[in-house]
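# Summary of structural features
Single-letter residue listing:
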Amino acid sequence: MIRDTRILMGMPITVDVDDSAPRRLIDEVFAYLASVDARFSVFKPESEISALNEGRLALADVSAEMRDVLALAARTKRETHGYFEIRRPDGSLDPSGIVKGWAIRNTADLIRSSGVHSFFVEAGGDIQTGGKNGDGEDWKVGIRNPFNEREIIKVVTPKGRGIATSGSYVRGQHIYNPHQPHRPIEEIVSLTVIGSDVLEADRFATAAFAMGADGIYFIEREPCLEGYVVDAKCVATQTRGFADYVTP
């Protein structure tokens with residue numbers, strides 16, 4: 001496998017592709033991810049999302065990529081009964097809760113379009129895999145103990161599906177409940193979701209974490225999702241189908 005890790009979107013992003021991949025592929029992948037960061041980062045004053053928030057760009061004039069992400073965010077808000085929200089309490093838009101999974105899914109599509117079907121893409125706990133690893137085995141992903149990041153508490157085999165983890169143990173209280181925006185989410189500290197792809201896992205992991213202790217029950221009711229939550233008392237709860245992905 002060919003592996004490269006670079007800092008983008010304020011985090012390390014790792015890409016593994018099969019040895020048969022064109023040598024230019026890794027650079028193309030990171031160039032794409034850099035373009036996503038340049039367009040959607042609320043920390044870059046020259047980004048498209050900053051221009052939209054500051055009124056320098058009208059909603060009718062945004063790019064196709066921005067329209068896609070905003071439409072996905074609106075759909076996710078409806079599907080999660082308002083627990084997914086990209087509009088901050090101050091009224092500005094911050095799509096970071098969905099852009100990462102969207103970008104990784106698109107990266108996986110870019111890799112596949114080059115003829116490569118064995119790959120691993122990871123950014124800040126959001127992961128998409130395809131095919132087999134360098135040893136010809138299924139990819140395995142570790143879930144970290146939110147109270148001890150050096151400890152892996154579960155190992156899962158995603159089987160080509162996507163994985164995303166939302167939590168407060170690394171970045172603090174950066175996810176909020178839109179229905180109670182001033183109340184911190186303290187009942188749970190980590191929620192991992194397995195979805196049909198990384199975008200599905202990411203958008204629902206963010207929303208379910210915002211639900212607090214009820215989030216794992218929301219994931220249980222969704223037929224295409226499985227989840228694993230760790231609460232503030234170090235107690236883990238998993239959905240009924242999650243065990244199908246756990247490696248003994």
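Above this text is the structure in question.
Residues numbered from 1 in each chain as written. Predicted model: local features only at pLDDT ≥ 70, side-chain atom pairs only at ≥ 80, totals over all residues. Heavy atoms only, no water.

### Observations regarding the packing of aromatic side chains
- In the structure shown here, the tally under the stated rule is four aromatic pairs.
- Judged by centre distance (5.5 Å) and plane angle (70°), the rings of Phe 40 and Trp 102 are edge-to-face. With Phe 40 in helix H1 (residues 25-40) and Trp 102 in helix H4 (residues 96-113), the pair connects residues that are 62 residues apart, well separated along the chain. Neither Phe 40 nor Trp 102 differs from the other in exposure class; each is buried. (Phe/Tyr/Trp six-rings, centres within 6.5 Å; stacked < 30°, edge-to-face > 60°. Helix = DSSP H or I, 4+ residues; strand = E, 2+ residues; numbered from the N terminus. Buried < 20%, exposed > 50% of the residue type's maximum accessible area, 1.4 Å probe, protein only.)

### Here we look at the sheet that holds strand E4 (residues 126-130)
- Strand order in the open sheet made by the eight strands is E1-E2-E3-E4-E7-E8-E9-E10, with antiparallel pairing throughout. The sheet is open, and its two edges are formed by strand E1 (2-8) and strand E10 (236-238), each paired on a single side. Averaged over all pairs of adjacent strands, the angle between their axes in this sheet comes to 10°, without regard to strand direction.
- Sheet strands in contact with H1 are E1 and strand E2 (11-17), and its direction is about 20° off that of E1.
- The strands that H4 touches are E2, strand E3 (119-123) and E4; relative to E3, the one it contacts most, it runs at about 160°. (Pairing = 2+ DSSP bridges. Axes fitted to C-alpha atoms, helices over the stretch in contact; angles between N-to-C directions. Contact = heavy atoms within 4.5 Å.)

### Remarks on the nonpolar core
- Core analysis: the biggest nonpolar cluster contains 40 residues, and Ile 13, Val 15, Val 17, Leu 33, Trp 102 and Ile 111 have the highest contact counts within it.
- When contributions to this core are tallied by element, the ones reaching two or more residues are E1, E2, H1, helix H2 (48-53), helix H3 (64-79), H4, E3 and helix H5 (198-210).
- Excluding its chain neighbours within four sequence positions, the residues that come into contact with Ile 111 are Val 15, Val 17, Leu 25, Val 29, Val 116, Phe 119 and Val 121.
- Core analysis: the second largest hydrophobic core is formed by 18 residues, Ile 188, Ala 201, Met 211 and Ile 216 among them. (Core = buried A, V, L, I, M, F, W, Y, C linked by side-chain atoms within 4.5 Å.)

### Let's talk about the pairing of E4
- Burial analysis of E4 places five of its five residues in the buried class, which makes it a mostly covered element.
- Because side chains alternate across E4, one face comprises the buried residues Asp 126, Gln 128 and Gly 130, and the other comprises Ile 127 and Thr 129, equally buried.
- Sheet analysis places E3 next to E4, joined by five bridges and oriented antiparallel. Within E4, the position partnered with Glu 122 by the bridge is Ile 127.
- Here E3 folds back onto E4, and the loop between the two strands holds two residues, one of which, Gly 124, carries a positive phi near 55°.

### So, the environment of Ser 41
- Mapped onto the fold, Ser 41 is located in the loop between H1 and H2.
- Along the sequence, Ser 41 and Gly 10 sit 31 residues apart, while their C-alpha atoms lie 9.6 Å from each other.
- Filtering out sequence-adjacent residues up to four positions away, Ser 41 remains in contact with Val 36, Ser 47, Ile 49 and Ser 50.
- A polar side-chain atom of Ser 41 sits 3.1 Å from the main-chain amide nitrogen of Phe 43. (Polar contact = N/O pair within 3.5 Å; in protein donor to acceptor, adjacent residues only side chain to side chain.)

### A look at H1
- A rise of 1.5 Å per residue sets the reference length of H1, with its 16 residues, at 22 Å; its end C-alpha atoms lie 23 Å apart and thus fit the reference within 8%.
- Taken as a whole, H1 has its buried residues at Leu 25, Ile 26, Val 29, Phe 30, Leu 33, Val 36, Asp 37 and Phe 40. Projected onto a plane normal to the axis of H1, the buried residues spread over an arc of 130° and lie on a single side.
- Check the buried side of H1 and you find it contacts E1, E2, H2, H3 and H4. (Expected span 1.5 Å × (residues − 1). Arc of directions from axis to C-beta.)

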